[in-house]
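# Reading the structure
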Amino acid sequence: MNVWTLTYDTYEPEDERLREALCTTGNGYMATRGAAPESSAGPYHYPGTYIGGYFNRLTTHLHGREVSNESMVNMPNWLPLTFRPADGAWFDLDSGDYEILEYVQELDIKKAVLSRRVRVRDREGRTTAVAQRRFAHMKHRHLAALETTVLPEDWSGTIEFRSGIDGTVENTGVERYLQLDSKHLEPREEGFEGALSWLAVETNQSHLRVAVAARLKVSVAEERVEPEFENTTEPGRVNCEFAIEAKEAEPVTVEKIVAVFGSRDMAISEPLEEARKHAGRCRDFDELLVFHVLVWDHLWRRFSISVESGNGDRVGMVLNLHILHLLQTVSGNSIDMDVGVPARGLHGEAYRGHIFWDEMFIFPLMNLRLPGLTRALLMYRYRRLNEARWLAYVEGHAGALYPWQSGSNGAEETQTYHLNPVSGEWKPDNSHHQRHVNIAIAYNIWSYYQTTDDQEFMAYCGTEMLVEIARFWASIATYNRALDRYEINGVMGPDEYHDAYPDAEEPGLNNNAYTNIMAAWTLCRAKEALDLLRPHRLREIWERLSLELEELEEWDEISRKLKIPFHDDGIISQFEGYEDLEEFDWMNYCSKYGDIKRLDRILHAEGDTTNRYKVSKQADVLMLFYLLSTERLEELFERLGYQWDPDMVERNIDYYITRTSHGSTLSGIVPSWVLSRSDREQSWSLLTEALESDISDIQGGTTSEGVHLGAMAGTVDLVQHCYTGLEPRGGVLWLNPVLPSDVTKMKMSVRYRAMWLELEVTQDLLVITSDASDCGECQIGIRDTLHDYSPGQVLEVRLD
C-alpha cells in the first residue's frame, strides 16, 4: 500500500456511489464526485458537481405538510463523455455490452488526480483499453479537466465519441429526500461553436446564474487532429458528437477542459461570458496539470503529517485522504467566497450542504497551517451576525443565537420534521435546540486568536461576536434563588439522542453540563476579549454595542454560579435528571439488531425513544475533556464553586464510553482524545477505528451521500494536537508529547504566530527546528519548562 494512493482494482457497481464520494476531486471553489464520465444518476451512480455557497430553496407539499428546505445545488454535469466502435454499443460498464477484462481506479492523493484504466471486450470480440484522468484545478479554481484515451488493441475502424453538458440534473442523491421537490435549475442558454460548447442555468428561487463551457481537443497517436463536430442542443443540454478513424494499437485522446462560473463570483462581467472566454483560452491538459500539481505540492508542505506506526501505510494513507478532502472543500480558493464549511463537504447532498458545528473539529488544523482561511470562514459567521441577533430576539433572548444548521444567509435551516428511514414515519426534529453551536463558534474565535494573535480580527469582528454570544448565555440563564445558582433550561446537548424528558410534552433538557460549563467559559472569554482591546477601540465597541458595566458584572456572576449536575459519586450528569433514566439493555439489542449505531431510529420504529435511557449517540460530557485541558477544567470548577477531583476525569470517561452507541462519525474521535493520556493503547485503537469511518463506510451507506468532514479533520487534529500535547495558550505554544506505543515517529509543520516550526516526535525525543530566515520569536513550553525560541534554532528535549 502507498500512503499517497487510494486504489480500487475491481469494478463493484454496488460500491460505486461510495467510491464516487471518496474519489471526489475539488479545489475549494467547486468539487465533482468521482462518477464515471459515461454514467448517469441511477442506482449505482450519482454524478454531482457542487460550488461552495450556491443554495436554493424549494417548498414541497407532502402529506398535508408544507416542507421548506434550502439545499446546496447539484450543478450541471460537465463529465458526460463516452464512445463506441462503429455499429457498436456506447461504452457503459453497466450495460452488459462490455466484458471487463481489467479495471483499476486510483486517486492520487498527493496530486489530487483521479485516474481509471479499463480493458474491455465488446460483443463483436474487439478489445479496447480506456485510460482516463481528471482534476479540478487548484490554481485556476474555475477550471476542471478530463482526459480520455481510447486504444483499439486488436481492431481498426471508426470510433464515435459523444460529449455533453447536462443542466437538467436534480438533487436526487439522498434517498430519504426523494419525496421532496428536487428541481433547482432552470435552463437559460445553450450554444456551441466548433469544439466549444456552453450552457447557462439559473436557480429557480435564489436566482443564482451558473455557466459551464467545455472545449474539446482531439489527438491520434499524439498528433493533433480537427474532427468535424456535430453539435445539438435542447433545453438544459448541449451535446457534441464526432468520429475518428482509428488504427489498431494507435491511441485516440480526447481532452475536455471546462470552465465554471457563477453570479456570486468576484471580478467577472457575466458568468457565461467568462466561462466561454476561459474555456477557449486555457492550455492543454498536461500544461494545466503541471501548475495544479505544483500548488498541491505547496499545500502538502504545510499540511502533511507523517506517522510511522505498526499499522503500516494504512494510517498514513487515510490521514492523507482526509486532509485531501478537507482541502478540496475549503482551500485558499475559498477565502473570498463568503462560505462556511459544509458538514458533508462538496461531496454529496446529505444535510443539504448545511453548515453545523463541525468547524470546531476543522479549524484547529487550519489555524496552524492556513490561518487566513480560518479567518475567512469565521467571517462567514460574522457577516450573518445580524441574522443570529434576530434569531435570539425571536426566541425571546438578547445577544446572538447562531442556527444549528446554516445555509445562504444564516437563518435557521433545521427542518421541523425528520423522516425516519427505518420506520418510514415523519417525526418532530428538535435539533434546533442545540444552542451549543454558539459555544463552538466562540471556541473557534478564541482558538484562532490564541494561535495567530490576530488582534485586528478580534478588534473588528471576533470580540463583537463573543460579546453577542455572551449576551445570549446571560439572557437564557435563569436565577434559582433556592439554590443560589443560575440554570440554562430547554436545550439539547451534543449527544442528540435526548431532546426531551420521557413523556414530556415540550422539547428540551435542563442544565446540560457541557452547555453550562462552556457557557461559563464563553462569558469569561468575552470579558477577556474586551480587556485585550486598545482604549480607543474598546470605547467604540462599548458605544456601538451599547454595553453597560452592569452587563459585565452580570456575566461575571453567572460565570461563577452556573449549575453543574452530578450523580453517583462524582459523575457529571449529562443533564438534570439523567440519573433517573433507565439503564439500556445493550446485550439484548446488539444480539437482536447487530449494528445499533442508530439506536434512535431503531427505538422509534419500535414505538420507543432514546429519551428514556442512559444512552448517547456521541460524546456530550466527554466534550469537556476534548476541548479543555484538565488544568483549564480545574480552573472553571473552582470558579463555579465546585470541588475538582483529579480522578473525576477517568471515572466520567469510563461511565459514558460504556453508554455510547457511536451513532456518529465524530463519536470515535472524542473518546480517543480523552483516553490519550490514561490509556494510550485504547486511544490508538479508537483512532484507527475512526479513520475507517468514511473509507470503510462504517455507518452502512451514509458516506455515499457525502463524506463526514468533521470526522475526517478531527482524526488529523487528534494526531497533531493530542499525541503532541500541542496547545496555543496565553502567548505560549505548549507541547507535552505522549505517543502511543505503536507509533515510533511523527513529523509535521505548524505555523505559530508568524513562524513556521518543524516538529519531530519519537518515543523519547522532541526536536523543533525552523528556517533561519523566518521572522519573529516565540515562547515554547515543553511540559513545565518555558523556552525562548528564535528562527533557525534547533531545540531538542528528551521525553523519557
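Residues numbered from 1 in each chain as written. Predicted model: local features only at pLDDT ≥ 70, side-chain atom pairs only at ≥ 80, totals over all residues. Heavy atoms only, no water.

### Structural notes on the overall build of the chain
- Looking only at helices and strands, the chain features 20 helices and 34 strands.
- By the compact-globule yardstick of 28 Å for 800 residues, the chain fits well, its C-alpha radius of gyration being 27 Å.
- Seen through its C-alpha atoms, the chain measures out along the principal axes to roughly 90 × 70 × 60 Å.
- Relative to its full complement of 800 residues, the chain shows a buried share of 61%.
- Pairs at least 24 apart in sequence give 68% of the contacts found in the chain among residues at least 6 apart.
- Entry remark: accessible area of the chain is about 30000 Å², with carbon and sulfur atoms responsible for 45%. (Helix = DSSP H or I, 4+ residues; strand = E, 2+ residues; numbered from the N terminus. Rg over C-alpha atoms; globule rule 2.2 N^0.38 Å. Buried < 20%, exposed > 50% of the residue type's maximum accessible area, 1.4 Å probe, protein only. Contact = heavy atoms within 4.5 Å. Areas by Shrake-Rupley, 256 points an atom, 1.4 Å probe, with all protein chains shown as cover.)

### Thoughts on the pairing of strand β8 (residues 98-108)
- In this sheet, β8 lies alongside strand β1 (residues 5-8) in antiparallel orientation, the contact comprising four bridges. For Thr5, the partnering residue across the bridge sits in β8 and is Asp108.
- The pairing of β8 with strand β9 (residues 113-122) spans ten bridges and is classified as antiparallel. Considered in β9, the bridge of Glu102 is made with Arg119.
- The hairpin turn running from β8 into β9, its antiparallel successor, is four residues long, and Ala112 in that turn takes a positive phi close to 55°. (Pairing = 2+ DSSP bridges.)

### Thoughts on the side chain of Thr24
- By secondary structure assignment, the location of Thr24 is in the loop between α1 (16-22) and β2 (25-26).
- At 3.1 Å, the side chain of Thr24 forms a polar contact with the backbone oxygen of Glu20.
- Those residues within four positions of Thr24 in sequence are excluded, and the remaining contacts are Ala31, Thr32, Arg33, Gly34, His325, Gln328, Leu346 and His347. (Polar contact = N/O pair within 3.5 Å; in protein donor to acceptor, adjacent residues only side chain to side chain.)

### Some points on the nonpolar core
- In this structure, Trp357, Trp555, Met623, Phe625, Leu757 and Ile768 are the most contacted members of the largest nonpolar core, which totals 217 residues.
- Looking at this core, the element that brings in the most residues is helix α9 (residues 455-476), giving 13 residues.
- The contacts of Trp357, once residues within four sequence positions are left out, are Trp404, His436, Val437, Ala440, Pro494, Tyr514, Gln618, Met623 and Leu666.
- Among the nonpolar cores identified, the runner-up in size contains 19 residues, and Val113, Ala200, Ala211 and Ala279 belong to it. (Core = buried A, V, L, I, M, F, W, Y, C linked by side-chain atoms within 4.5 Å.)

### Topic: the pattern of salt bridges
- Taken as a whole and judged by the stated rule, the model has 62 salt bridges.
- Note that Asp286 and Arg133 form a salt bridge whose closest N and O atoms lie 2.9 Å from each other. With Asp286 in helix α3 (residues 285-303) and Arg133 in strand β10 (residues 127-136), this pair connects stretches of sequence that are 153 residues apart.
- Exposure remark for Arg133: the relative accessible area of 26% places this residue in the partly exposed category.
- The partner of Asp336 in a salt bridge is Arg141, and the shortest N-O contact between them spans 2.9 Å. Note that Asp336 is positioned in the loop between α4 (314-329) and α5 (359-367) and Arg141 in the loop between β10 and β11 (143-152), a separation of 195 residues in sequence.
- Given the relative accessible area of 40%, Asp336 is considered partly exposed.
- The exposure class of Arg141 is buried, given its relative accessible area of 14%. (Salt bridge = Lys/Arg side-chain N within 4 Å of Asp/Glu carboxyl O.)

### Focus on the sheet that holds β2
- Read from one edge of the open sheet, three strands run β2-β3-β4, paired in antiparallel fashion. Edge strands, defined here as strands with exactly one partner in the open sheet, are β2 and β4 (49-51).
- In the sheet, strand β3 (residues 30-32) pairs with β4 via three bridges, with the strands oriented antiparallel. Within β4, the residue paired with Ala31 across the bridge is Tyr50.

### What about the environment of Glu175?
- The topology assignment puts Glu175 in the loop between β12 (157-166) and β13 (185-193).
- Between the alpha carbons of Glu175 and Glu705 there is a distance of 9.1 Å; along the sequence they are 530 residues apart.

### Things to note about a nonpolar patch on the surface
- A contiguous nonpolar patch, built from Val290, Phe291 and Leu294 and spanning about 250 Å² of accessible area, is present on the exposed surface.
- Structurally, the position occupied by Val290 is in helix α3.
- Taking relative accessible area as the criterion, Val290 reaches 53% and is therefore assigned exposed. (Patch = residues over 30% accessible without salt bridge, like charges linked within 9 Å, V, L, I, M, F, W, Y side chains within 5 Å.)

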